[in-house]
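# Tertiary structure, described
Listed below are the residues making up each chain.
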Amino acid sequence: MKQFTHFLEGFGSAVQLLFQSARFVGTLPRQRARFIDQCYLIGYTTLPIVAILCFFMGSVLALQSGYSMENFGAKQFIGSLVGLSFARELGPVIVAILVAGRVGSAITAELASMKVYQEVDALVTMNIPPARILVLPRLAAVLVMMPVLAIIGNLIGWFGGAVVCKYVESIAIEPEAYFSALRRYMKFKDVGTGLMKAEIFGFVVVLICCSIGLNTRGGPREIGASVTKAVVVSLISILVLDYFVTKALM
Amino acid sequence: MNPPIHRNPITAVESPAVGVTIDGLTKNFGTFQALKNVSFTVEPGEIFVLMGPSGSGKSVLLKHIVGLEAATAGRVLINGQDATAEHTLERIRIALVFQAGALFNSLSVYDNLALYPREHRFGDEATIRDKVMRALQILSLENSAQKFPSELSGGMRKRVAIARALVMEPQLMLYDEPTSELDPVMSATISEIIATLKDEYHVTTIVVSHDRELALGIADRVGILMGGELVFLGPPASLRQPADPRIADFFHPRIDLKNPRFKTLET
Ligand SMILES: Nc1ncnc2c1ncn2[C@@H]1O[C@H](COP(=O)(O)OP(=O)(O)OP(=O)(O)O)[C@@H](O)[C@H]1O
Ligand SMILES: [Mg+2]
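The text that follows walks through the structure, step by step, so that each part is easy to find.

Rules of the game
Residues numbered from 1 in each chain as written. Chains lettered and ligands numbered in written order. Predicted model: local features only at pLDDT ≥ 70, side-chain atom pairs only at ≥ 80, totals over all residues. Heavy atoms only, no water. Near = heavy atom within 4 Å. Polar contact = N/O pair within 3.5 Å; in protein donor to acceptor, adjacent residues only side chain to side chain. Areas by Shrake-Rupley, 256 points an atom, 1.4 Å probe, with all protein chains shown as cover. Helix = DSSP H or I, 4+ residues; strand = E, 2+ residues; numbered from the N terminus. Nonpolar A, V, L, I, M, F, W, Y, C, P; charged D, E, K, R; others polar. Donors = N, O, S within 2.8 Å, 3.2 Å for Na, K, Ca; no water. Contact = heavy atoms within 4.5 Å. Pairing = 2+ DSSP bridges. Buried area = accessible area lost by both parts, 1.4 Å probe. Salt bridge = Lys/Arg side-chain N within 4 Å of Asp/Glu carboxyl O. Axes fitted to C-alpha atoms, helices over the stretch in contact; angles between N-to-C directions. Phe/Tyr/Trp six-rings, centres within 6.5 Å; stacked < 30°, edge-to-face > 60°. Buried < 20%, exposed > 50% of the residue type's maximum accessible area, 1.4 Å probe, protein only.

## Side note on the site of ligand 1
Residues and elements named next belong to chain B.
- Around ligand 1, the structure places 14 residues, and the nearest of them are Ser54, Gly55, Lys58, Ser59 and Gln99.
- Here Gly55 contributes a backbone N or O atom positioned 2.7 Å from an oxygen atom of ligand 1.
- At a separation of 2.8 Å, an oxygen atom of ligand 1 approaches a polar side-chain atom of Gln99.
- The protein chains hide 63% of the 640 Å² of surface that ligand 1 would expose on its own.
- The element best represented in the shell around ligand 1 is helix α1 (residues 58–65), accounting for three residues.
- Here the residues of the shell around ligand 1 sort into five nonpolar, seven polar and two charged.

## A look at the coordination of the magnesium ion (ligand 2)
- Coordination of the magnesium ion (ligand 2) by the protein involves Ser59 of chain B (OG) and Gln99 of chain B (OE1), with metal-donor separations of 1.9 to 2.2 Å. Placement of the pair is Ser59 of chain B in helix α1 and Gln99 of chain B in the loop between β8 (94–97) and α3 (109–119), with a sequence separation of 40 residues.

## Some words on the environment of Val231 of chain A
Residue and element names in this part refer to chain A.
- Within the secondary structure layout, Val231 lies in helix α9 (residues 221–249).
- Between the C-alpha atoms of Val231 and Gln3, which are 228 residues apart in sequence, the distance is 17 Å.
- For Val231, the residues in contact, after removing those within four places along its chain, are Ala100 and Ser105.

## A short note on the pairing of strand β12 (residues 229–234) of chain B
Residues and elements named next belong to chain B.
- In the sheet, strand β11 (residues 221–226) pairs with β12 via five bridges, with the strands oriented antiparallel. Across the sheet, the residue bridging to Leu225 is Leu230, located in β12.
- Where β11 folds back on β12, the antiparallel hairpin that results is connected by two residues, among which Gly227 adopts a positive phi of roughly 55 degrees.

## Quick look at the interface of chain B and chain A
- Taken together, the contacts link 21 residues of chain B with 17 residues of chain A.
- Of the roughly 1700 Å² buried where chain B meets chain A, counting both sides, 57% is carbon and sulfur surface.
- Of all residues in chain B, Leu89, Phe104 and Glu119 of chain B bury the most surface against chain A, accounting for 29% of the area lost on that side.
- Inspection of the chain B/chain A interface yields two salt bridges.
- Between Glu119 of chain B and Arg132 of chain A there is a salt bridge, with the nearest N and O atoms lying 2.8 Å from each other.
- Scanning the region where chain B abuts chain A turns up five residue pairs in polar contact (both at pLDDT 80 or more).
- For the side of chain B that touches chain A, the secondary-structure elements that each account for two or more residues are α2 (86–91) and α3 of chain B.
- The element contributing the most residues to the side of chain B that touches chain A is α3 of chain B, with four residues.

## Quick notes on the sheet that holds β12 of chain B
All names here are of chain B.
- Across the sheet, which stays open at both edges, the six strands sit in the order β8-β9-β10-β5-β11-β12 with mixed pairing between neighbours. Only two strands of the sheet have a single partner each, and these edge strands are β8 and β12. Averaged over all neighbouring strand pairs, the angle between strand axes comes to 15 degrees, with direction disregarded.
- Running over the sheet, helix α6 (residues 184–201) touches β5 (47–51), β9 (172–176) and β10 (204–208) and is turned about 165 degrees from β9.

## So, the packing of aromatic side chains
Residues and elements named next belong to chain A.
- This model, assessed by the stated rule, comprises 11 aromatic pairs over all chains.
- Ring centres of Phe77 and Tyr185 lie 6.0 Å apart, and the angle between their planes is 70 degrees; this geometry places the pair in the edge-to-face category. Separated by 108 residues along the polypeptide, Phe77 in the loop between α3 (47–69) and α4 (78–116) and Tyr185 in the loop between α7 (175–184) and α8 (188–214) bring together distant segments of the chain.
- In this structure Tyr185 comes out as partly exposed when scored by relative accessible area, which is 39%.
- Through a chain of ring-to-ring contacts, the aromatic side chains of Phe4, Phe7 and Phe11 assemble into a single cluster.

## Digging into the sheet that holds strand β6 (residues 73–78) of chain B
All names here are of chain B.
- Taken in spatial order, the four strands make up an open sheet running β4-β3-β6-β7, and their pairing is antiparallel. Looking at which strands have only one partner, the edges of the open sheet turn out to be β4 (32–42) and β7 (81–82).
- Pairing of strand β3 (residues 20–29) with β6 involves five bridges; the strand directions are antiparallel. From the neighbouring strand, Thr26 faces β6, where its bridge partner is Ala73.
- Contacts from α1 reach β3, β4 and β6, with the element oriented near 120 degrees to β3.

Following this line, the structure appears as C-alpha cells:
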C-alpha cells in the first residue's frame, strides 16, 4: 500500500514537472546554449557505447537466428529478421536503456546534488524556476537526440548482423543478399514506429530522472539513493511502456 | 509618517520600501517544534538583526520569509502578501544569502553573479558585466571571477554569496550569518554594505548573526530567538545591560575550565 502511494506521488510530481516545464517553452530560443550543451551530453557522449552495444547485439542476433533458421532452410531471411527486430524493437529499447544508465543517472546525480546543497532553493528565491533552466533544456535535447541515436543504433546493428553473416562459416551470406532481404520486408512504418518509441522512452526517462533528482531530500547520502531509484524506475518504465506503445502502434 | 521609498538602482523606479510581518509563526518538524508562535514586524527600510544560540530556529525563520518552508501555523506577510504565494517572489525582489552560500557549483564565480541579471534580462552583456564586476570589487573578489566555487575558501564563498545577492538589487535582503567566516576587516565591510544599502536605497534588511559588534553597530532593532521562542525584541541599546539572565549569559558566556561537561566524555 505504501509503495503504491509512493508510486502515485512520484507519478504525480513527474506530471507536474512536465506541465511546469511546458509553460516555459517560449524561453527555449533564449536558452540555446543550455540546449546545445544538453544535446552534446545526451547525444554525442552516448554515441560510442550505443555503437558498441548495437554492433554486438546485431551480431548475436544474426548468429542465433542463423543457428535456428538453419533447421528450416530459411537462412536467407536473416537479413529481414535482424532488420525488423532492430528497427521495431531492439534499437529503441537498447538506446533508451543506455540513455537511462548513462545520461539519466548523471541528470539525477546533478539535480539531486543541486537540491541537497541548496542550489535549487537559491534558484527558487531568485525567481528562476528550476523547471525552466534545469528541466526544459534537457527534455528538448532528448527529443532531438533520441531519433538520431536510434537511427545510428539501427544502422550499426544491421551492419553487425551483416558482418556475422559474411564471416561466420556456418551462415556465409553475402552482404548484398543480407541487405536485400532486409529491405524487402521492411516498411517505412517499421522504422517510424521504432523512432516514435525511442522518442517516447527517452522523454519519459529524462522526465523521471529530473523529477527524482529534484525531489531528493536530506543529505549527500540521498544523492546515491536517488540515482539508483531513477535508473530502476526508468528501466521498468521503458519495458512496461514498450509493451503498451508497441500494441498501440501496431 | 509615510513609509520610506525604495529606489531601484537600475531602473530608478521608486516604490514603497518592503515591510515584513511575522504573525504567530509556528513550525514543527515531526514532533520537534523549531519555531513557537513567533511574531514581530520589520518596518520598511529597517535593519533588523536576529540573534540567538545555534539551533534556535533562525535559519528556519528566514526560509519561511522566502517561502522555502511552509508554516505549521501562522504566516509571513511581505507587503501584506503571503510569502508562500507564487506571485510574491515575482513582484518583490528578495535576496537570501544562505548560511552555506548555496553557490552554483557548476558555474564560475562570474556566472554565479551573472545568472540572475541574465535570466531577468537586466540589460545587455556589457551592462551586466559592469554590475557583476562592481559587486566583485566591493567584496575584493575581482581576481576570482573565473574561479569555480570548489576552488574558493569558506570565507570567499560567503563573499561570493553576498556579491550574488547585491547584484540582484533586492528590495528585501536577508543575510544568514554573513560574517561568520570573515576576518574583522571584511566583517566591517559587510556592515558598511548593509548600512549603505539602507541609507541609499532603503533596502529592508534582516540579518541573522552571532556578531555582537555588527548587531550593536548597525541594527535598528534586534530580536533574540531561543529554542524557537522570541525572547527579546527591542533596540540594540537595551542589550548592553540585558535584564533577562538568559540573554546576559548568551552575550557574556563564562569559560569554565573546570567544567566537567567534557570530562564525562572521557572514560
Ligand atoms: N529540515 C529540517 N528537518 C528537521 N529539523 C530541522 C530542519 N531544519 C532545521 N531543523 C531543526 O530546527 C532547529 C533550528 O534550526 P536552524 O537551522 O534554524 O538553527 P539556527 O538558529 O540557524 O542555528 P545556527 O546558528 O547553528 O545556524 C534545529 O534544531 C534543527 O535541527
Ligand atoms: Mg542557521
